[in-house]
Amino acid sequence: MQSQEQQQGKASFYAKSFAGRRTASGERMHNDSLTCAHRTYPFGTMLRVLNPVNGKSVIVRVTDRGPFVRGRIIDLSWRAAKELDIISKGVAVVVVSKVNSIIVPYLPSDEIEIPQLELETNEAPMGINPYWQDMKKDLQESRQVPQKNNSPKTSTVASTSKQSNVSASKSSNVSAPSER
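Since the structure is predicted, the reported quantities are computational estimates derived from the model, not experimental observations. Here, residues in each chain are numbered from 1, in the same order as that chain's written sequence. Where totals are concerned, whole chains, interfaces and linings use all residues; where local detail is concerned, this predicted model gives features only for residues with pLDDT of at least 70, and gives and counts side-chain atom pairs only at 80 or more. The basis for every side-chain value is the complete set of non-hydrogen atoms in the structure, without hydrogens or water.

Asker: Just checking my understanding: could you explain the overall build of the chain for this structure?
Answerer: A count of helical and extended segments in the chain gives three helices and six strands. Secondary structure is summarised from DSSP: a helix means a run of H or I of at least four residues, a strand means a run of E of at least two, and numbering begins at the N terminus for each. Reading the secondary structure of the chain in the N-to-C direction produces β-β-β-β-β-α-β-α-α. Residue burial is assigned from relative accessible area. The probe radius is 1.4 Å, only protein chains are included, and a residue is buried under 20% of its type maximum, exposed over 50%, and partly exposed in between. In the chain, buried positions account for 22% of the 180 residues. When contacts within the chain are restricted to residue pairs at least 6 apart in sequence, long-range pairs at least 24 apart make up 71% of them. A total accessible area of about 14000 Å² is found for the chain, and carbon and sulfur atoms account for 53% of it. Between two residues, a contact is recorded if the distance between any of their heavy atoms is within 4.5 Å. Using a 1.4 Å probe, accessible areas were evaluated by the Shrake-Rupley method; residue-level cover was limited to the displayed protein chains.

Here's what the structure looks like:
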């Protein structure tokens, strides 16, 4: 069967459950890839699929064989069907044509010259430290001061004197109401 320059017929698409399965070319099927199944075009052939109802078109690559349903000429990946806006219909009439050369509009044809940039760092003059370094130094110093000055005897004396002050204030509060 000889493939024609342009074919018109029904297109369907792979269900999402086919994701990850191997195609006839050996590649794995992905829902988000722009691929298709065609009976006669060789693997790797780029095809333009046009939806004549809304004028949308997409370029897909042949990776599988099929469809083997009478009246259908192409099986599209889920993403390609979404681009053509045929997901809700399930099956739609499309026009398929072979793409001989693909010109990618955003791919530069000439080599782009990248300008040379001089990158320098600004170093602060000696003696000027950023604010966060001063804060870090102050925090480290404040943590070291209590450890040097506190001895075990001093802390027990301080806690004993605090306890006696608390008990004295409690006893004075208790004795005050009894005097009335």
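Read on, since the account is not over.
Asker: Mind showing me how you'd approach the pairing of strand β1 (residues 6-13) here?
Answerer: The side chains of a regular strand alternate between the sheet's two faces. In this analysis, strands are considered paired if DSSP registers two or more bridges between them. In terms of strand pairing, β1 meets strand β6 (residues 92-98) through six bridges, oriented antiparallel. Considered in β6, the bridge of Gln6 is made with Ser97.

Asker: So what exactly am I meant to see when it comes to the sheet that holds strand β2 (residues 35-37) here?
Answerer: Strand-to-strand pairing in sheets goes through backbone hydrogen bonds, with the strands running parallel or antiparallel. Spatial ordering of the closed barrel is given by β1-β5-β2-β4-β3-β6, a layout of six strands whose pairing is mixed. Direction aside, neighbouring strands of the sheet carry axes that sit 45° apart on average. Sheet topology note: the strand β3 (residues 46-50)/strand β4 (residues 57-64) ladder contains five bridges and is antiparallel. The residue of β4 that forms the bridge with Leu47 is Val60. Fitted lines through C-alpha atoms serve as axes, helices being fitted only where they are in contact, and the angles separating the N-to-C directions of these axes extend from 0 to 180 degrees.

Asker: What am I meant to see in the nonpolar core here?
Answerer: Across soluble globular proteins, you tend to see nonpolar side chains buried next to one another. One finds Leu47, Val49, Val60, Ile74 and Leu76 to be the most contacted residues of the largest nonpolar core, which totals 18 residues. When contributions to this core are tallied by element, the ones reaching two or more residues are β3, β4, β5 (72-76), α1 (78-84) and β6. Those residues in contact with Val49 that sit more than four places away from it in its chain are Lys56, Ser57, Val58, Val60, Ile74, Leu76, Leu84, Val94, Val95 and Val96. Buried residues of nine kinds, namely Ala, Val, Leu, Ile, Met, Phe, Trp, Tyr and Cys, make up a nonpolar core once their side-chain atoms join them within 4.5 Å.

Asker: Could you clarify how one ought to interpret the packing of aromatic side chains in this entry?
Answerer: The geometry of an aromatic ring pair comes down to the distance between the two centres and the angle between the two planes. Two rings belonging to Phe, Tyr or Trp (six-membered ring only in the last case) form a pair when the distance between their centres is within 6.5 Å. Interplanar angles under 30 degrees mark stacking, angles over 60 mark edge-to-face geometry, and anything in between is tilted. Inspection of every chain in the model, using the stated rule, returns one aromatic pair. Judged by centre distance (5.7 Å) and plane angle (65°), the ring pair of Tyr14 and Phe18 falls under edge-to-face. Of note, Arg21 hangs over the ring of Phe18, and the distance from its end group to the ring centre comes to 4.6 Å. To sit over a ring, a charge needs its Lys NZ or Arg CZ within 6 Å of the ring centre and within 35 degrees of the ring normal.

Asker: Honestly, unusual backbone geometry in this entry has me stumped. Any pointers?
Answerer: Excluding glycine, most residues fall at negative phi; most peptide bonds, likewise, are trans. In this chain, Gly66 is followed by Pro67 through a cis amide linkage whose omega measures -5°. As for its position among the elements, Pro67 is in the loop between β4 and β5. Here the phi dihedral of Asp85 falls at roughly 65°; this positive angle occurs in a residue that is not glycine. Following the sequence through the fold, Asp85 ends up in the loop between α1 and β6.

Asker: What exactly am I supposed to notice about the environment of Glu5 here?
Answerer: Looking at the secondary structure, you find Glu5 in the segment before β1. It is 9.4 Å that separates the C-alpha atoms of Glu5 and Val99, two residues lying 94 residues apart in sequence. Apart from residues no more than four positions distant in its own chain, Glu5 is found in contact with Tyr41, Val96, Ser97 and Lys98.

Asker: Looking at this model, I keep getting lost on the pairing of β6. Mind explaining?
Answerer: Within β6, five of the seven residues are buried, leaving the element largely enclosed by the surrounding structure. Both β3 and β6 contribute to a ladder of four bridges, which runs antiparallel. Bridge pairing in β6 places Leu47 opposite Lys98.

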